[in-house]
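Descriptive structure summary
Listed below are the residues making up each chain.
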Amino acid sequence: MDDPSDTYLLHQRLGWRVSRLARIMQSRLEEVLARDNLTRLMWVVLCGLGEDGIETPSEMAEYIGITRASTSRLLTAMQARGLVRRTGAASPDGRQVTLALTEDGQQILIRNRPAADAVAAHFNAKLSPEQARILMQALAILAQGEGKNLTRL
């Protein structure tokens, strides 16, 4: 291990840097969402339903990038809080169920959107438009072919 290139150097590893930045960004967002007792994943569901046209549990699982079972638990918790509603008869694969925001869910989305946007703007402001474009492109390349849905994010 005399060669310096053999040194591990944790803080120089891509995975460590990406994970650390993700946690920093998540923590900032979670601080904003805490006033409405929302988790980051609940926020993603609200945005998916209220802004991105997601309509079914299967679409939501794909949108978030987590398993259908994890999505089902998340939706059940949000339904119990009165934030989302499910309509339609459930088939074994869940395709006949339609999701929608309740009035409370819509109001929470509207109330938290400016603060969530401010968190994103804080980090985006640190990059030039070209740096942001390159970073987004690099992240897309790194994620390409890694489509495994996770049990949690």
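The paragraphs below set out a description of the structure included in this document. (Residues numbered from 1 in each chain as written. Predicted model: local features only at pLDDT ≥ 70, side-chain atom pairs only at ≥ 80, totals over all residues. Heavy atoms only, no water.)

1. Quick notes on the overall build of the protein
What counts here: Numbering of helices and strands starts at the N terminus; helices are DSSP runs of H or I of at least 4 residues and strands are runs of E of at least 2. Only protein chains enter the area calculation, which uses a 1.4 Å probe; residues under 20% of their type maximum are buried, those over 50% are exposed, and those in between are partly exposed. We call two residues in contact when some of their heavy atoms are within 4.5 Å. Using a 1.4 Å probe, accessible areas were evaluated by the Shrake-Rupley method; residue-level cover was limited to the displayed protein chains.
For the protein, the helix and strand inventory stands at six helices and two strands. Listing the helices and strands of the protein from first to last along the sequence gives α-α-α-α-β-β-α-α. Sorting the 153 residues of the protein into buried and exposed places 29% on the buried side. Counted over contacts in the protein with a minimum sequence separation of 6, partners at least 24 positions apart contribute 54%. Element-wise, carbon and sulfur atoms account for 55% of the exposed surface of the protein, whose accessible area totals about 10100 Å².

2. Let's talk about the packing of helix H2 (residues 40-50) against helix H5 (residues 103-124)
Under the convention used in this document: Lines fitted to C-alpha atoms define the axes here, with helix axes fitted over just the stretch in contact, and angles between the N-to-C directions of these axes take values from 0 to 180 degrees. Note that the term roughly parallel is reserved for angles under 35 degrees, roughly antiparallel for angles over 145, roughly perpendicular for angles of 65 to 115, and oblique for everything else. Polar here means any residue other than Ala, Val, Leu, Ile, Met, Phe, Trp, Tyr, Cys and Pro, which are nonpolar, and Asp, Glu, Lys and Arg, which are charged; Gly is therefore polar.
Between H2 and H5, whose axes approach to 10 Å, the crossing angle comes to 110 degrees. Taken together, the axes of H2 and H5 are roughly perpendicular relative to one another. Of the residues in H5, those touching H2 at Trp-43, Leu-46, Cys-47 and Gly-50 are Gly-105, Ile-108, Leu-109, Asn-112, Arg-113 and Ala-116. Of the residues in the contact of H2 with H5, the class split is six nonpolar, three polar and one charged.

3. Focus: helix H3 (residues 57-64)
For clarity, the cut-off: Our arc is simply the arc of the directions from the helix axis toward the C-beta atoms.
Among all positions of H3, only Pro-57, Ser-58, Met-60, Ala-61 and Ile-64 are buried. Considered in projection along H3, the buried side chains sweep an arc of 160 degrees and stay on one side of the axis. Where H3 is buried, its residues touch H2, helix H4 (68-80) and strand E2 (98-101).

4. What about the side chain of Thr-102?
Our working definition: Identification of polar contacts relies on pairs of N or O atoms within 3.5 Å, with a donor-acceptor requirement for protein atoms, meaning one able to donate a hydrogen and the other able to accept it, and with residues adjacent in sequence counted only if both atoms are side-chain atoms.
Locating Thr-102 in the fold gives a position in the loop between E2 and H5. One polar contact links the side chain of Thr-102 to the main-chain carbonyl oxygen of Gly-82, over a distance of 2.4 Å. Apart from the residues within four sequence positions on either side, Thr-102 is in contact with Gly-82, Leu-83, Val-84 and Arg-85.

5. With respect to the side chain of Thr-71
Here Thr-71 shows up in helix H4. Setting aside chain neighbours within four positions, we find Thr-71 in contact with Pro-57, Met-60, Ala-61 and Ile-66.

6. Some points on unusual backbone geometry
A positive phi angle, close to 50 degrees, is found at Leu-9, a residue other than glycine. Take Leu-9: it is sitting in the segment before helix H1 (14-33). Leu-9 gets classed as partly exposed once you look at its relative accessible area, which sits at 49%. Non-glycine residue Asn-37 carries a positive phi angle of around 55 degrees.

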